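Topology and contacts: notes
So the chains spell out like this:
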Amino acid sequence: MGKKVMISCDEASTICDKTQYNEATFWDKLKLQLHLFLCKKCGLYSEQNKMMSKIFKTHLSNHSHHQLADADKKAIEAELKKQMN
Amino acid sequence: MQDLFIFNLSNYTKFMSNQKNVLDPNKWIALYSDYLFNYTITRIDDAELAKDIVQETFFSALKAMKNYRGDASERTWLVSILKRKIIDQYRKMNSKKGRAEVRVNFYDEGDKRGSWLEECVPQTWGNEAESAIETKELGHAINKCVAALPEKYRNVFKMKTVQNIDTEEICNELDISSSNLWVIIHRARLQLRKCMEDSWFKN
């Protein structure tokens, strides 16, 4: 296969991040599992990474709705009208 | 099959009535300013800057009206102009600062390979950590930590994690490579992890 099976902690952490977004390939995950089996620190990192994902999902919301102030809208509108003529 | 049929039908009616979208700049502010502003502020986390970019988008759109062919909806067309403005803004931010920093890949740091793990050796968080996830206080803590991220990391992190935008789309919009994106995501997550460890899990 020519691909290396043993990966560094850096590479493991990247794959670990990707799995949090479902973007790791099957081969990536396999390498990660092997690394986690051998490396305690990365194992802990991986666990905590999962927990951080849970925290993000629970507490970071996308619901904030931003609006331009009416004064800003009027200012832009006035400028736009000026440019139209 | 049904989808195909509907698609053809809508195309057909469009063709029959020869209906083209028309631009009406008099209504732009009322119809689209909030939408464009929201779109911008989730990508550029600065209300003042976002306002300027929206304003410039309308001005550019006005100048480019004669190039509008009426195929896309008015809103889609405005968003395409806005996207270019946002990329320009990112280029400006990149050239000012942080470019070299972001371009560095954490694999290539020679002697320092893997040192991030040594620097922040994961501490065990304890068993009660898991059960405390739902609490409001933790919500405040994590939002504080996210607010403390450097602007560029925060934007990319939020687009990916909160808004669930595709990697490819983020890369296109922000003009960065995918390995660059993963470096940013990794650093953002590391910093958030550390911040939560200091402000939350240690207590």
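One structure accompanies this document, and this report is about it. On a predicted model such as this, the values are computed, not experimentally measured, just so you know. (Residues numbered from 1 in each chain as written. Chains lettered and ligands numbered in written order. Predicted model: local features only at pLDDT ≥ 70, side-chain atom pairs only at ≥ 80, totals over all residues. Heavy atoms only, no water.)

**Let's talk about the overall build of chain B**
- Within chain B, the secondary structure is distributed over 11 helices and 0 strands.
- Start at the N end of chain B and walk to the C end: the helices and strands fall as α-α-α-α-α-α-α-α-α-α-α.
- Out of the 203 residues belonging to chain B, those deemed buried represent 46%.
- In chain B, of all internal contacts separated by at least 6 residues, the share reaching a separation of at least 24 is 74%. (Helix = DSSP H or I, 4+ residues; strand = E, 2+ residues; numbered from the N terminus. Buried < 20%, exposed > 50% of the residue type's maximum accessible area, 1.4 Å probe, protein only. Contact = heavy atoms within 4.5 Å.)

**Focus on the overall build of chain A**
- On a plain count of helices and strands, chain A comes out with 4 helices and 0 strands.
- Its helices and strands taken in sequence order, chain A reads α-α-α-α from the N to the C terminus.
- A total of 85 residues make up chain A; the buried ones form 40% of that total.
- Taking all contacts inside chain A whose residues are at least 6 apart in sequence as the whole, residues at least 24 apart take part in 56%.
- Only carbon and sulfur atoms are counted for the fraction: they give 57% of the accessible area of chain A, which is about 5300 Å². (Areas by Shrake-Rupley, 256 points an atom, 1.4 Å probe, with all protein chains shown as cover.)

**What about the pattern of salt bridges?**
- Scanning all chains against the criterion turns up 13 salt bridges over all chains.
- Salt-bridge contacts for B:Lys160 lead to A:Glu23; the nearest nitrogen and oxygen are separated by 2.7 Å. Highlighted residues: B:Lys160 in helix α9 (residues 151-161) and A:Glu23 in the loop between α1 (9-20) and α2 (26-38), drawn from two different chains.
- Each of the salt bridges in this network shares a partner with another, and the network as a whole consists of A:Asp72, B:Glu48 and B:Lys51. (Salt bridge = Lys/Arg side-chain N within 4 Å of Asp/Glu carboxyl O.)

**Comments concerning the packing of aromatic side chains**
Residues and elements named next belong to chain B.
- In the structure shown here, the tally under the stated rule is 5 aromatic pairs over all chains.
- When the ring of Trp28 is compared with that of Trp77, the centres are 6.3 Å apart and the planes differ by 50°; the resulting orientation is tilted. Of the two residues, Trp28 sits in helix α2 (residues 28-41) while Trp77 sits in helix α4 (residues 74-96), which places them 49 residues apart along the sequence.
- Since its relative accessible area comes to 13%, Trp77 is described here as buried. (Phe/Tyr/Trp six-rings, centres within 6.5 Å; stacked < 30°, edge-to-face > 60°.)

**Some remarks on the nonpolar core**
- Counting 59 residues, the largest nonpolar core has B:Trp28, B:Phe58 and B:Phe157 as its most contacted members.
- A total of 8 residues in this core trace back to one element, the largest contributor, which is helix α11 (residues 178-201) of chain B.
- Both domain 1 (17-96) and domain 2 (99-201) of chain B contribute no fewer than three residues apiece to this core.
- In this view, B:Phe157 contacts A:Tyr21, A:Phe56, A:Leu60, B:Val146, B:Leu149, B:Val162, B:Ile185, B:Ala188, B:Arg189 and B:Leu192; residues no more than four positions away in its chain are not counted.
- In terms of nonpolar packing, the next biggest core, distinct from the first, is built from 11 residues, A:Ile15, A:Cys16, A:Leu32 and A:Cys42 among them. (Core = buried A, V, L, I, M, F, W, Y, C linked by side-chain atoms within 4.5 Å. Domains from an automatic or database assignment.)

**Some remarks on the packing of α2(A) against helix α3 (residues 40-59) of chain A**
Residues and elements named next belong to chain A.
- It is at 6 Å that the axes of α2 and α3 come closest, and there the two elements cross at 120°. On the basis of the axis angle, α2 is oblique to α3. Of the two possible hands of crossing, α2 and α3 adopt the one that is left-handed. For the pair α2 and α3, contact is made by His35, Leu36 and Leu38 and by Lys40, Cys42, Gly43 and Ser46, respectively.
- A class-by-class count of the residues in the contact of α2 with α3 yields 3 nonpolar, 3 polar and 1 charged. (Axes fitted to C-alpha atoms, helices over the stretch in contact; angles between N-to-C directions. Parallel < 35°, antiparallel > 145°, perpendicular 65-115°, else oblique. Left-handed = near helix turned anticlockwise from the far one by under 90°. Nonpolar A, V, L, I, M, F, W, Y, C, P; charged D, E, K, R; others polar.)

**Let's talk about the interface of chain B and chain A**
- Counting from both sides, the interface comprises 51 residues of chain B and, opposite them, 42 residues of chain A.
- Summed over both sides, the interface of chain B with chain A buries roughly 4600 Å², with 67% coming from carbon and sulfur.
- The largest share of the area that chain B buries against chain A comes from B:Ile29, B:Trp182 and B:Arg189, three residues that together contribute 16% of it.
- One can count 4 salt bridges joining chain B with chain A.
- Across the salt bridge formed by B:Asp34 and A:Lys73, the nearest N and O atoms sit 3.0 Å from each other.
- On inspection of chain B and its partner chain A, the count reaches 13 residue pairs in polar contact (both at pLDDT 80 or more).
- Sorting the residues of the side of chain B that touches chain A by element identifies α2, α3 (47-63), α6 (115-119), α7 (128-131), α8 (136-147), α9 and α11 of chain B as the ones contributing at least two each.
- Per element, the largest residue contribution to the side of chain B that touches chain A is 9 residues, and it comes from α11(B). (Buried area = accessible area lost by both parts, 1.4 Å probe. Polar contact = N/O pair within 3.5 Å; in protein donor to acceptor, adjacent residues only side chain to side chain.)

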